[in-house]
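Architecture and fold: a report
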Amino acid sequence: MTDPGATVLAVHAHPDDETWATGAALSTLSALGCTVHLRVASGGEASEPGQTEVAARTRRAGRLAGATAALGVHQWDWLDEGRWIDTAGRPSPRSLTSARVEDLSGAIVQHIADINPDIVLTVGADGLTGHPDHILIHQAVRHATAHLSVPVTVFGAHLLRSDIARGRELLRAELGDTTIGSGRCTGSTAHKKLRTLTATAQAASARRTAVDHYSEGLGTERLADLLPTYPGRGDSLLLRGVHDAIGWGTERYCAYGTT
């Protein structure tokens, strides 16, 4: 993906996207000696119910700090703290979902100028899970990198439809016909365009640990032990099933642009 010692910038919509979408790559690149930066557009406020906006963002930031430390990320920051908030994909004033691509792109361009990355990691065109905020971030990253004076390669993370199917099959064996996920996470059919990263066991373990910072046990507890007590049946659980099925060190990327 890049040479040891390179500078890497990951750009994502919410805290935890860096782990689910690009965690194995971030851990691998850090272990290779790359300097890894992360920028996050919203504070993940929707994932911390019952809190004020600032308190929710602060609480989520603590989880993000733990996850990035586990992955070996050297430095993280918000794209523009408090400017865009997470409203679980529902459009509203200041919601990330309602943001303009051009405004997000402008913020990303500034961070690229400050960091000068060799590569940029984000989600693929389908947002990995189909979440509208993820798709918007992909569009903004592509917009931001389209006319740089020094071109940079963007790698967008994808899952194959077969990956999703394997994850659902594994979960179905434990949960029967219980509905899992938002229904937006369908996977890509662009097999020939995708490169598969098969990371080390150490990177896979780091990714599991990072997931636990967001929801205790979701990354590391045995699935059969987790399911009776884990309250969610959304995309995070679906992704848990997918990575149990395809391997926690497996990520698939499409490259955009050239260096």
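In this text the structure is predicted, and so the values were computed from the model without any measurement.

The next thing to look at is the pattern of salt bridges. Counted according to the given criterion, the structure contains 17 salt bridges. With a shortest N-O distance of 3.3 Å, R57 and E53 are connected by a salt bridge. With R57 and E53 both in helix α2 (residues 53-71), this residue pair falls four residues apart, about one helical turn. Ionic contacts of the salt-bridge type, sharing partners, join the residues D16, E48, R59, R60 and R63 into one network.

Before going further, it helps to spend a moment on the sheet that holds strand β7 (residues 250-256). Judged by pairing direction, the sheet is mixed, and its seven strands sit side by side in the order β3-β2-β1-β4-β5-β7-β6 without closing on themselves. Edge positions in the sheet fall to β3 (75-78) and β6 (195-198), since each of these pairs with one other strand and no more. When strand polarity is set aside, the average angle formed by the axes of neighbouring strands in this sheet is 25 degrees. Here three bridges tie strand β1 (residues 7-12) to strand β4 (residues 119-123), and the two strands are oriented parallel to one another. Counterpart to A10 in the pairing with β4 is L121.

All right, on to unusual backbone geometry then. In the Ramachandran plot, D16 falls in the positive-phi region, its phi being about 105 degrees despite a non-glycine side chain. Mapped onto the secondary structure, D16 falls in the loop between β1 and α1 (17-31). By relative accessible area, which is 13% here, D16 ends up buried. Its identity is not glycine, yet N116 carries a phi of approximately 55 degrees, on the positive side. Mapped onto the elements of the fold, N116 is located in the loop between α3 (101-115) and β4. Look at N116 and you get exposed, because its relative accessible area is 56%.

About the thresholds
- Residues numbered from 1 in each chain as written.
- Predicted model: local features only at pLDDT ≥ 70, side-chain atom pairs only at ≥ 80, totals over all residues.
- Heavy atoms only, no water.
- Salt bridge = Lys/Arg side-chain N within 4 Å of Asp/Glu carboxyl O.
- Helix = DSSP H or I, 4+ residues; strand = E, 2+ residues; numbered from the N terminus.
- Pairing = 2+ DSSP bridges.
- Axes fitted to C-alpha atoms, helices over the stretch in contact; angles between N-to-C directions.
- Buried < 20%, exposed > 50% of the residue type's maximum accessible area, 1.4 Å probe, protein only.

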